[in-house]
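# Topology and contacts: notes
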Amino acid sequence: MKKTIAALLLSLPFISTTALATANDVCKAKENAMGLSYQQQSGEITALQLQTYAFATARFKQIIQAQPSTQKMAIVLDLDETVIDNSPLLVRDMNNCHDFTTWDTWSDWEQKGQPTLIPGAKDFLDYVDTQNVKIFYVSDRLQKNKAATLSSLKALDLPQVSNGNVLLDTDSKEQRRASIREHYDIIMLFGDTLADFDAVFKNKKSTEYQRHLVQQQAEHLGKDWFVLPNASYGSWMKAPLTAWDEK
């Protein structure tokens with residue numbers, strides 16, 4: 001029936017293949033609506049974000065109280081969906097029947113967009129800043145847009161925003177974390193994707209294997225790894241789902 005309708009549409013003189021492709025893309029783009037609604041509008045996502053940073057604050061206090069000096073300590077955070085919220089871009093693209101996961105509109109957002117803060121992030125970072133601990137923002141935002149990213153972060157009044165503290169997509173995140181470790185003890189990592197914590201999660205491993213790796217690394221969770229929820233996008237998007245087989 002679906003092929004018959006498509007063939008019928010193409011037979012009409014005012015319907016082009018481009019228009020038909022756009023019509024098909026509407027359905028694909030709208031598949032992201034539920035995740036985006038949860039990420040942008042739900043009270044639950046706000047609760048989880050606040051909860052994560054509340055746990056992180058308590059853990060941070062434990063760590064610094066146990067150390068004689070904080071001068072060589074650092075925390076490392078991803079930016080997007082960890083410290084700042086980019087959901088308006090994703091919703092705009094979806095509403096325009098555009099698959100935002102191609103990331104072809106992201107550079108424009110980095111230059112002209114106005115991200116907002118993830119709840120709890122700024123209070124936590126402001127407290128870290130008072131304790132003489134270094135803050136590094138390690139993101140895969142484009143290096144060519146670094147000036148715009150710095151401007152966005154400064155507009156949000158985030159602490160320790162500087163050229164040296166904001167490390168964008170020049171080499172892998174693992175390499176950038178390693179460069180920080182040459183001078184500082186990284187006591188906490190924050191991110192919305194598992195690769196923000198360890199390179200072992202990279203290279204398109206299956207979600208089943210990723211869950212296995214999480215079990216292996218569980219001792220880090222809530223201790224020095226703090227995962228922020230992101231229902232908008234991730235490597236899990238194309239994973240097959242498991243259905244109840246009851247007829």
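Check the entry above for the structure.
Okay, so let's go over this structure. (Residues numbered from 1 in each chain as written. Predicted model: local features only at pLDDT ≥ 70, side-chain atom pairs only at ≥ 80, totals over all residues. Heavy atoms only, no water.)

We now examine the sheet that holds strand β6 (residues 185-191). Taken in spatial order, the five strands of this open sheet run β5-β4-β1-β6-β7, and their pairing is parallel. Here the strands that pair on one side only, and so sit at the sheet edges, are β5 (166-167) and β7 (225-227). Both strand β1 (residues 73-77) and strand β4 (residues 134-138) contribute to a ladder of four bridges, which runs parallel. Along β4, the bridge assignment pairs Ile75 with Ile135. (Pairing = 2+ DSSP bridges. Helix = DSSP H or I, 4+ residues; strand = E, 2+ residues; numbered from the N terminus.)

Moving on, we come to the pairing of β4. Across the five residues that make up β4, a large majority, four, are buried. Examined bridge by bridge, β4 and β5 share two bridges and lie parallel to one another. Its bridge partner being in β5, Tyr137 is matched across the sheet by Val166. For the crossover from β4 across helix α8 (residues 146-155) to β5, the handedness is right-handed. (Buried < 20%, exposed > 50% of the residue type's maximum accessible area, 1.4 Å probe, protein only. Right-handed = clockwise from strand over helix to strand, strands pointing away.)

Taken as a whole and judged by the stated rule, the model has eleven salt bridges. In this structure, Lys173 engages Asp78 in a salt bridge whose closest nitrogen and oxygen atoms are separated by 3.0 Å. Here the residue Lys173 occupies a position in helix α9 (residues 173-181), and Asp78 occupies one in the loop between β1 and β2 (84-85), the gap between them amounting to 95 residues. Both residues of the pair, Lys173 and Asp78, count as buried. Where Arg92 meets Asp93, a salt bridge forms, and the shortest distance between an N and an O atom there is 2.8 Å. Taken together, the shared-partner salt bridges in this structure form one network comprising Asp140, Asp169, Asp171 and Arg176. (Salt bridge = Lys/Arg side-chain N within 4 Å of Asp/Glu carboxyl O.)

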